[in-house]
Amino acid sequence: MLPCNLQAMGVKSIALYGVIGADPFADEMRKILGSRRYRHVGLLVQRENWDTHVYMKPFEKEEEQQRLDFGNFNRLHPATSGRLLENLSAALSGLDIVIY
């Protein structure tokens, strides 16, 4: 996870911007991000045609199976992308660097 790497390098403030789904994966992501004190107010929820990007690797009898991917067929709504760009643009003056 990139934010953890940045934090380990001494970055004091990390703000996250992006799109997540309205699903259990997004709920868990917000919990983890909040527990590590990242500012994630820039994460937008798109409820239709969007699943949070994640993958899982199931195990059967301690043997790793093929991974399962979620979010491969997402379609970003123009309104969501517009809001994302507006939010990031409004925050730019307070950011030292943007990594995407």
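Scroll up a little and you will see the structure.
1. Regarding the environment of Ser13
Inference 1: Within the secondary structure, Ser13 is located in the loop between helix H1 (2-8) and strand S1 (15-20).
Inference 2: Each C-alpha atom of the pair Ser13 and Asp27 lies 22 Å from the other, and the pair is 14 residues apart in sequence.

2. As for unusual backbone geometry
Inference 1: Positive phi, normally seen in glycine, also occurs at Lys61, with a value near 55°.
Inference 2: The residue Lys61 is located in the loop between strand S4 (59-60) and strand S5 (63-64) in this model.
Inference 3: Classification of Lys61 as exposed rests on a relative accessible area of 80%.

3. What to know about the pattern of salt bridges
Inference 1: Following the criterion strictly, the structure yields four salt bridges and no others.
Inference 2: Among the ionic pairs, Arg30 bridges to Asp27, the shortest N-O distance being 2.8 Å. In this pair, Arg30 and Asp27 both sit in helix H2 (residues 24-35), three residues apart, roughly one turn of the helix.
Inference 3: According to the relative accessible area criterion, Arg30 is partly exposed, its value standing at 29%.
Inference 4: Look at Asp27 and you get partly exposed, because its relative accessible area is 38%.
Inference 5: Arg67 serves as the salt-bridge partner of Asp69, at 2.7 Å between the closest nitrogen and oxygen.

4. A few points about helix H3 (residues 78-91)
Inference 1: The terminal C-alpha atoms of H3, which comprises 14 residues, lie 20 Å apart, in line with the 20 Å expected from a rise of 1.5 Å per residue.
Inference 2: The set of residues buried in H3 consists of Thr80, Leu84 and Ala91. Down the axis, H3 shows its buried residues gathered within 40° of arc, on one side only. Set apart from the buried face of H3 by more than 90 degrees, the exposed residues are Pro78, Ala79, Leu85, Glu86 and Ala90.
Inference 3: Check the buried side of H3 and you find it contacts S1 and strand S2 (39-45).

The rules we used
- Residues numbered from 1 in each chain as written.
- Predicted model: local features only at pLDDT ≥ 70, side-chain atom pairs only at ≥ 80, totals over all residues.
- Heavy atoms only, no water.
- Helix = DSSP H or I, 4+ residues; strand = E, 2+ residues; numbered from the N terminus.
- Buried < 20%, exposed > 50% of the residue type's maximum accessible area, 1.4 Å probe, protein only.
- Salt bridge = Lys/Arg side-chain N within 4 Å of Asp/Glu carboxyl O.
- Expected span 1.5 Å × (residues − 1).
- Arc of directions from axis to C-beta.
- Contact = heavy atoms within 4.5 Å.

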